[in-house]
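# Inside the fold
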Amino acid sequence: MILLIEDEPGIVDFVKRGLEAEGFPVEAALDGLEGQQRALEESFDLIVLDLMLPGRSGLEILATLREARITVPVIALTARGEVEDRVAGLDAGAVDYLVKPFSLAELAARVRAQLRLTMRSPNSILRAADIEVSLLTREVARDGRTISLSTTEFDLLVYMLRHRGRVLSREQILAAVWGYEHDPQTNIVDVYVGYLRRKLGTPDSPAPITTVRSVGYRLDDAR
Ligand code: CA
């Protein structure tokens, strides 16, 4: 379980939906006092902590956790330009930081990096048709053939695998993989589905991704 301490509802929604689509359950605290209390009293695998918070600042929360000898990894979120805050956050015990606005791919990569050693989930392998993805090692194979994907291609494939057999709209895919801040007019979803098809497919066996006209895409589970 991840604790997100953040007061901007748009970011809370984006991070929660995004990380949950990646298989990381998230609970949110919307101000510093509630966040600190939960961080002290409950047990989380990781905390994503905004530094600018009402009630109690992120740096104060980090100091309190350190005094209480709570060693949960903390990823700090800072606004652009707050260089001193970033340095102070790392000094105060944050293991990593991200500057807003960040992409879901960046955040998910940092979260995975922090959880890699402790995460031993039985659901760490995703399969559909003849595609197999390891969430721990990020290895992708189709019919035994290893496939090398970029971070964003990997995130897109994982999202489609988690929702296999269902039609996903471009808007759903865009929100889940790239986050809310992207222009919905972009054709980036089509471009990346094209990359995935090219990498997963062979002349004899096209990738099992169906285009659903005027809606979006579906990853098919049948062999
Ligand atoms: Ca804030």
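As the structure is a computational prediction, the values presented were derived from the model and not from experiment.

### Describing the overall build of the protein
Along its length, the protein carries eight helices and 12 strands. A compact globule built from 223 residues should have a C-alpha radius of gyration of about 17 Å, and the protein, at 19 Å, falls within 12% of that. Across its three principal axes, the protein shows a C-alpha extent of roughly 60 × 35 × 25 Å. Per-residue burial for the protein yields a buried fraction of 47% across its 223 residues. Taking all contacts inside the protein whose residues are at least 6 apart in sequence as the whole, residues at least 24 apart take part in 59%. Surface accessibility of the protein: about 11200 Å² in total, with carbon and sulfur atoms responsible for 49%. The averaged location of the 34 negative side-chain charges in the protein is 8 Å from the averaged location of its 27 positive side-chain charges.

### Regarding the environment of Gly93
Tracing the sequence through the fold places Gly93 in the loop between helix 4 (83-91) and strand 5 (96-100). With 21 residues separating them in the primary sequence, Gly93 and Val72 have C-alpha atoms 9.8 Å apart. Ignoring any residue separated from it by four or fewer positions in sequence, one finds Gly93 in contact with Leu62 and Arg66.

### Overview of the nonpolar core
In terms of nonpolar packing, the biggest core is built from 31 residues, with Val133, Val140, Leu156, Leu157, Ile173 and Leu200 touching the most fellow members. Of all the secondary structure elements, the ones that give two or more residues to this core are strand 6 (125-128), strand 7 (131-134), helix 6 (151-162), helix 7 (170-178), helix 8 (188-200) and strand 12 (216-219). Looking at which element gives the most residues to this core, the answer is helix 6, with seven residues. Excluding residues that lie within four positions of it along the chain, Val133 makes contacts with Ser124, Ile125, Leu126, Glu139, Val140, Phe154, Leu157, Val158 and Leu161. Of all hydrophobic cores here, the second largest spans 20 residues; its members include Val12, Phe24, Leu77 and Val111.

### Let's talk about the pairing of strand 11 (residues 209-212)
Across four bridges, the pairing between strand 11 and strand 12 is antiparallel. Opposite Thr210, over in strand 12, you have Arg218 as the bridge partner. In this structure, the hairpin formed by strand 11 and strand 12 is closed by a connection of three residues, where Ser214 is found at a positive phi of approximately 60°.

### A closer look at the domain arrangement of the protein
When cut into domains, the protein gives domain 1 (2-120) and domain 2 (125-219). Using only C-alpha atoms to locate each centre, domain 1 and domain 2 end up separated by 28 Å. On the side of domain 2, 15 residues touch domain 1, which itself brings 16 residues to the contact. Of the roughly 1300 Å² buried between domain 1 and domain 2 on both sides combined, carbon and sulfur atoms contribute 55%. Sorting the residues of domain 1 by area buried against domain 2 places Ala21, Glu22 and Arg112 first, and these three jointly supply 33% of that buried surface. In this assembly, domain 1 and domain 2 are joined by one salt bridge. A salt bridge links Arg112 to Asp155; the shortest N-O distance between them is 3.4 Å. Counting across the interface, domain 1 meets domain 2 through three residue pairs in polar contact (both at pLDDT 80 or more). Elements supplying a minimum of two residues to the side of domain 1 that touches domain 2: helix 1 (9-21) and helix 5 (104-115). Sorting elements by how many residues they give to the side of domain 1 that touches domain 2 places helix 1 first, with six residues.

Definitions and cut-offs
- Residues numbered from 1 in each chain as written.
- Predicted model: local features only at pLDDT ≥ 70, side-chain atom pairs only at ≥ 80, totals over all residues.
- Heavy atoms only, no water.
- Helix = DSSP H or I, 4+ residues; strand = E, 2+ residues; numbered from the N terminus.
- Rg over C-alpha atoms; globule rule 2.2 N^0.38 Å.
- Buried < 20%, exposed > 50% of the residue type's maximum accessible area, 1.4 Å probe, protein only.
- Contact = heavy atoms within 4.5 Å.
- Areas by Shrake-Rupley, 256 points an atom, 1.4 Å probe, with all protein chains shown as cover.
- Lys, Arg positive; Asp, Glu negative; His and termini not counted.
- Charge placed at Lys NZ, Arg CZ, Asp CG, Glu CD.
- Core = buried A, V, L, I, M, F, W, Y, C linked by side-chain atoms within 4.5 Å.
- Pairing = 2+ DSSP bridges.
- Domains from an automatic or database assignment.
- Buried area = accessible area lost by both parts, 1.4 Å probe.
- Salt bridge = Lys/Arg side-chain N within 4 Å of Asp/Glu carboxyl O.
- Polar contact = N/O pair within 3.5 Å; in protein donor to acceptor, adjacent residues only side chain to side chain.

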